[in-house]
Amino acid sequence: MAGHSKWANIKHRKAAQDAQRGKIFTKLIRELVTAAKLGGGDVSANPRLRAAVDKALSSNMTRDTINRAIERGVGGGDDTNMETRVYEGYGPGGAAVMVECLSDNANRTISQVRPSFTKCGGNLGTEGSVGYLFSKKGLILILNADEDSLTEAAIDAGAEDIQPQEDGCFEIYTAWEDLGAVRDAIEAAGFKIENAEVTMIPSTTVSLDAETAPKLLKLIDMLEDCDDVQNVYHNGEISDEVAALL
């Protein structure tokens, strides 16, 4: 799995993401509204909504803002006609890229997504061109813990896999629908969770060198800057040596 490079990339871009907090909140609210509209406002019975709420809370969104977004989704409104659209393609270095969008206008969205690939030396593919390389999973990150105790707690909670990383953190994988329940159980066992999210995990990875890694990161940044783009997933693997040069 490519979790290690994923977190390295997140750390690398954290400052830029924090500077765009207003835009991040807009995207989070859009997902909350859509999840509530499609699956109802009961967090315990709507895994997508639970994942959206957890992500919003981890981004320091207030409960009041979250609740208003959920109420808007349940009650209907101008922004509840959003549809999920997924675009697939290849980025620099041959990395597979999936772009998850929420949009009410497909023409507008593709006009944002396609130029980003082109400008960064990638190309947008057809539906299914890279999707088979990814699996939807829940991912929990814990920075510091006793491995044996955490492994036991994760297994008891229903996690599918736990992987210690070279930097000392742990990545716990779950079925995406079970993310909320597994997170609650691990927290109840006394472990501090740094991050928990639904993500797409690649089955294979592509190693990126010092020339192609910055280009892929630029593509990700350009895509994430698009208003309609919710998440960007890729299978690029950036080694510690290459990351140190970025």
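What counts, and where the lines are drawn
Residue positions are counted from 1 within each chain, in the order its sequence is given. The predicted origin of the model limits local features to residues at a pLDDT of at least 70 and limits the giving and counting of side-chain atom pairs to 80 or more, whereas totals for whole chains, interfaces and linings rest on all residues. Just so you know, side-chain values use all the structure's heavy atoms and leave hydrogens and water out. Lines fitted to C-alpha atoms define the axes, with helix axes restricted to the stretch in contact, and inter-axis angles between N-to-C directions lie between 0 and 180 degrees. Secondary structure elements are taken from DSSP: a helix is a run of H or I of four residues or more, a strand is a run of E of two residues or more, and numbering for both begins at the N terminus. When an angle is under 35 degrees it counts as roughly parallel; over 145 it counts as roughly antiparallel; between 65 and 115 it counts as roughly perpendicular; any other value is oblique. Definitions for this section: a left-handed crossing has its near helix turned counterclockwise from the far helix by less than a right angle. A right-handed crossing has that turn clockwise. Any two residues having at least one pair of non-hydrogen atoms within 4.5 Å are treated as being in contact. Think of it as three bins: nonpolar holds Ala, Val, Leu, Ile, Met, Phe, Trp, Tyr, Cys and Pro, charged holds Asp, Glu, Lys and Arg, and polar takes everything else, Gly as well. Any two strands between which DSSP finds at least two bridges are classified as paired.

S.K.: Before we move on, can you summarise the packing of helix α3 (residues 47-58) against helix α4 (residues 63-75) with the specific residues and values?
M.R.: Helix-helix packing is described using two parameters, namely the angle between the two axes and the distance between the axes. Orientation of α3 relative to α4, taken along the N-to-C sense of each, is 150°, at an axis distance of 10 Å. With respect to α4, the element α3 is oriented roughly antiparallel. Read as a crossing pair, α3 and α4 show a hand that is right-handed. Contacts between α3 and α4 involve L49, V53, A56 and L57 from the first element and R63, I66 and I70 from the second. Per-class residue counts for the contact of α3 with α4 are 6 nonpolar, no polar and 1 charged.

S.K.: Can you lay out the packing of helix α5 (residues 106-119) against helix α8 (residues 212-224) for me, pointing to particular residues and giving the numbers?
M.R.: Contact geometry of α5 with α8 gives a least axis separation of 9 Å together with a crossing angle of 165°. In terms of orientation, α5 lies roughly antiparallel with respect to α8. For α5 against α8, the interelement crossing comes out right-handed. Here V113, S116, F117 and K119 of α5 lie close against α8, whose contacting residues are L219, M222 and L223. When its residues are assigned to classes, the contact of α5 with α8 shows 5 nonpolar, 1 polar and 1 charged.

S.K.: Any details on the pairing of strand β4 (residues 134-142)? Residues and values, ideally.
M.R.: The pairing of β4 with strand β7 (residues 195-202) spans 8 bridges and is antiparallel. Looking at β7, one finds that F134 is bridged to P202. Note that β4 and strand β6 (residues 170-175) share 6 bridges and pair antiparallel. For L139, the partnering residue across the bridge sits in β6 and is Y173.

On their own, these measurements won't tell you what the molecule is for.
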